[in-house]
Amino acid sequence: MNPRTAVCCASIVGAGLLLAGCSHPTPAGTVVAAPTRSTSGTHVAAATGHPPPGVNQNKALVFTPPPESAIPDDAFGAMVRKGEAIFTHTRINAGGFVGNDLNCSNCHLDAGRRANSAPLWGAYVRYPMYRAKNHQVNSFAERLQGCFRFSMNGKAPPADGEIIKALTTYAFWLSHGAPTGVTLAGAGFPKHGFVPPEPPSYARGQQVFEHTCALCHGAEGQGQRVAGTLVFPPLWGPESFNWGAGMGNLDNAAAFIKANMPFSRGGILSDQAAWDVAYFMDAHERPQDPRFTGSVAATRKTFHDTKMSLYGTVVNGHLLGSAPAGKTGVH
Amino acid sequence: MNTALHTLRTIMHPATRHATLAMMLLALPTAAAFATDAATIAQHGNGRGAPACASCHGAEGGGQAAAGFPRLAGLNAAYLRKQLDDFANGTRANPVMQPIAAALNESERKTMAEYYHRMPVPAALSKPVTRMPADHSLGARLALRGLWGKQVPACVACHGPHGIGVGAHFPPLAGQPAAYIAAQLNDWKQGTRHNDPLALMQHVSSALDEQDIHAVAAWFAAQPLAAKGTTP
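Residues numbered from 1 in each chain as written. Chains lettered and ligands numbered in written order. Predicted model: local features only at pLDDT ≥ 70, side-chain atom pairs only at ≥ 80, totals over all residues. Heavy atoms only, no water.

**A closer look at the overall build of chain A**
Item 1. Along its length, chain A carries 13 helices and ten strands.
Item 2. Taken across its 331 residues, chain A has 54% of its residues classed as buried.
Item 3. Contacts in chain A between residues far apart in sequence, at least 24 positions, make up 66% of those at least 6 positions apart. (Helix = DSSP H or I, 4+ residues; strand = E, 2+ residues; numbered from the N terminus. Buried < 20%, exposed > 50% of the residue type's maximum accessible area, 1.4 Å probe, protein only. Contact = heavy atoms within 4.5 Å.)

Now the structure itself:
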C-alpha cells in the first residue's frame, strides 16, 4: 500500500482512551500517551524495553514504528529499503563517504528503531532544529550529513543526492503516524537529568571496561571482525568515530551505554559505572576533529568548550587530540 | 560412564545410538593407559575414564547431526578449553560431558582444545545437511534481526555473519546440529548451563519460546560452512 495513505491509520491514544484511528490493518506506527511518573507511580516503558533512569517521560508520547514487513512493494518501498541498507551496511552502500569501520546502526540500534538509542523516528519529527553545535537551524539532511562527517569519520554526501534521499525516506517511513515537533518517549539518548553520582574516574572505568566490554569490543577497544566483516565495532582508535562526533561527549556516551550496553543487557550498569566507562572510552585517541584549526587548544576553545568533551584536556599525562589515531577522513 | 550411556540412550535415535555405543565400547579397552597425546585421546580415550572423543564428535571432529553432537573441528581453542573446564567444574551441567571432562587432567583439557582448534572443518560440512528455511521465516528473522521488543538482538550481531563464530566467547552456530543448538538454548533457559559471560545467553534464552528455539536452531543448522573453516 502507499504509505502516504497509512498516516490516517495510526491510532492516537490519549491516557488509554482511543481518540482517533481507522480500521485498515495497516502499517503505520502507533502513538500512545505515556502516563507521567508522578501520577501513575510506575516506571513507564518507552516504546521498547525498560525506562532508563533520568529520562523525562512526563507527557512524552510513546511511538511504535511500523514493522519492516509493512514496507510497500513499490518504488517508494524500494527507496525505504535502500535507506535501511545504507543505515545498516554503511560502508558497503555509501562507501565514498565513510572513513571508518562503523555502520549507522552500531549506535542507532535495531536498524534505527530502538528507543533510547536515538531512533530515526524520534529524530525525523524534530527537524528542522536549531543546534548549538553549529549555531544554525539544521535540516534533517544536514543532520544526516553531520553523522557522515563525524560519527563515520567521512565526508558529507550531497544533500540532494541518492544517499541522503534514501536515508530520509527510511526515516520518514519509520515515523509514519508520529506527530511532528514533539520529543517522543525514547527519542535521542536518555541523558536528561542523568548525572554521575561522583565525578567519573578513568581507573574505575578501565575496570568496568575489562569486566563488561572487552569480551566483545576487544582488549584494546579495537572491536572484532571475522571473515572481513565487522561484528563488534571499535570504541576508539583509527577505525572509530572522530573527535568531532556526538559519542565523544561524555553525556551522550554515558546515556547510550547505560541504556544499551553491554549489548542485549542494557540497564545493568550502575549510573556511576556507565559514566566511568564512558569517560574511559572517551579518554582515548581517535581520528582528528575534521574542524581542526591547527592547534588543539584553539580547536577545543572553538568546538569543545564544554565539560562533556575531553578533547584538549590532559588525562593520565596525555593531551587528548594531540596524537590523533590513524589517518583522517575518507580512505 | 553409566549415566553417560543412559543419557545417550535417551537422547539419540536408535540407529545412531547403536552405532555410537558400539564405537565407544570398542574404543574403551584399546585406550593407552597413560595417554596424553591428543590424537590418541581423540581416537581411543585416555585410559582413565575419558572415552574416545571421536566416538561422538566424529573421526574428523564434525559432530553428528542426527544425535545432536556438536562439531569441534576448527572451534576457538580458548572457547573449547573453557567449556571443558566448565563441564569439569559443573558450571556447564551435562551428564555426558561432565564425567568425561573430569577424567581429563588440566593439561589434557588444554591439549584437546588446541587439537580440535587446529583440525580443519570436514569438507562434508561445507554443504548444509538440512534445508534452508525461507528468508522470512521465524528462524531467519530471529537470527538476522532479533526480537528487540524483548531485548533480544540478532544472533548474528554476536555470532558473526551466518553464525560463523567470533573470537573466544561467541562460538560458531552455522552448521551445528539443530538438536544441539536447541538443547543449549533450553539449558540456559532452565539454568543448567550458566557459564555464559555476563549471563548473555541465559538472558536471551529466557525470552525465547519453544517455537522460537526450534526455528532459530533450524536456521543455523542449515547455514553453509566454508570447507576450509572460516572460524577464528
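Moving on from the coordinates now.
**Quick look at the nonpolar core**
Item 1. Core analysis: the biggest nonpolar cluster contains 86 residues, and F148, F209, I257 and M281 of chain A together with F170 of chain B have the highest contact counts within it.
Item 2. Setting aside residues no more than four positions away along its own chain, F209 of chain A makes contact with A214, G218, A219, G221, L235, W236, V277 and F280 of chain A.
Item 3. Counting residues in each nonpolar core, the second largest holds 23 residues, with L72, A73, L104 and Y116 of chain B among its members. (Core = buried A, V, L, I, M, F, W, Y, C linked by side-chain atoms within 4.5 Å.)

**Let's talk about helix α11 (residues 250-260) of chain A**
Residue and element names in this part refer to chain A.
Item 1. Burial analysis of α11 places eleven of its eleven residues in the buried class, which makes it a mostly covered element.
Item 2. Among all positions in α11, only L250, D251, N252, A253, A254, A255, F256, I257, K258, A259 and N260 are buried.
Item 3. Packed against the buried residues of α11 are α5 (109-112) and α12 (271-282).

**Observations regarding unusual backbone geometry**
Item 1. Residues Y127 of chain A and P128 of chain A are joined by a peptide bond in cis, for which omega reads 0°.
Item 2. With respect to the element layout, P128 of chain A can be found in the loop between α6 (120-124) and β5 (129-131).
Item 3. Note the cis peptide between M261 of chain A and P262 of chain A, where omega equals -5°.
Item 4. Mapped onto the elements, P262 of chain A comes out in the loop between α11 and α12.
Item 5. A positive phi is found at A118 of chain A, a non-glycine position, where the angle reads about 45°.
Item 6. On the secondary structure map, A118 of chain A appears in the loop between α5 and α6.
Item 7. Given a relative accessible area of 17%, A118 of chain A falls into the buried group.
Item 8. Phi at A199 of chain B takes a positive value of approximately 55°, unusual for a residue other than glycine.

**A look at the domain arrangement of chain A**
Residue and element names in this part refer to chain A.
Item 1. Here the domain parsing of chain A yields domain 1 (1-31 + 60-188) and domain 2 (205-319).
Item 2. Listed as interface residues are 15 residues of domain 1 and, on the opposing side, 20 residues of domain 2.
Item 3. Approximately 1,500 Å² of surface area, both sides summed, lies buried where domain 1 meets domain 2, with 54% of it carried by carbon and sulfur atoms.
Item 4. In this structure, the connection of domain 1 to domain 2 is made through one salt bridge.
Item 5. With a closest N to O distance of 2.9 Å, D101 and R225 form a salt bridge. (Domains from an automatic or database assignment. Buried area = accessible area lost by both parts, 1.4 Å probe. Salt bridge = Lys/Arg side-chain N within 4 Å of Asp/Glu carboxyl O.)

**Regarding helix α12 (residues 210-221) of chain B**
Structural remark: α-helix, 3.6 residues per turn; residues separated by three or four positions point the same way.
All names here are of chain B.
Item 1. Over its twelve residues, α12 runs 16 Å from end to end, which matches the ideal 16 Å to within 8%, given 1.5 Å per residue.
Item 2. Those residues of α12 that sit buried are D212, I213, A215, V216, A217, W219, F220 and A221.
Item 3. Of the residues flanking the start of α12, the one acting as N-cap is D209, its side-chain oxygen 3.1 Å from the backbone nitrogen of Q211. (Expected span 1.5 Å × (residues − 1). Polar contact = N/O pair within 3.5 Å; in protein donor to acceptor, adjacent residues only side chain to side chain.)

**Things to note about the side chain of Q83 of chain B**
All names here are of chain B.
Item 1. Along the chain, Q83 falls in helix α5 (residues 77-89).
Item 2. Q83 gets classed as buried once you look at its relative accessible area, which sits at 6%.
Item 3. A distance of 3.1 Å separates a polar atom in the side chain of Q83 from a polar atom in the side chain of R92.
Item 4. Other than its neighbours up to four places away in sequence, Q83 contacts R92, R193 and N195.

**Considerations on the packing of helix α3 (residues 75-88) of chain A against helix α8 (residues 162-174) of chain A**
Residues and elements named next belong to chain A.
Item 1. Packing of α3 against α8 brings their axes to within 7 Å, and their N-to-C directions diverge by 105°. The orientation of α3 with respect to α8, classified from their angle, is roughly perpendicular. Taken together, the residues of α8 that come into contact with α3 (itself represented by F76, M79, V80, K82, G83, E84, I86 and F87) are E162, I163, K165, A166, L167, T169, Y170, F172 and W173. (Axes fitted to C-alpha atoms, helices over the stretch in contact; angles between N-to-C directions. Parallel < 35°, antiparallel > 145°, perpendicular 65-115°, else oblique.)

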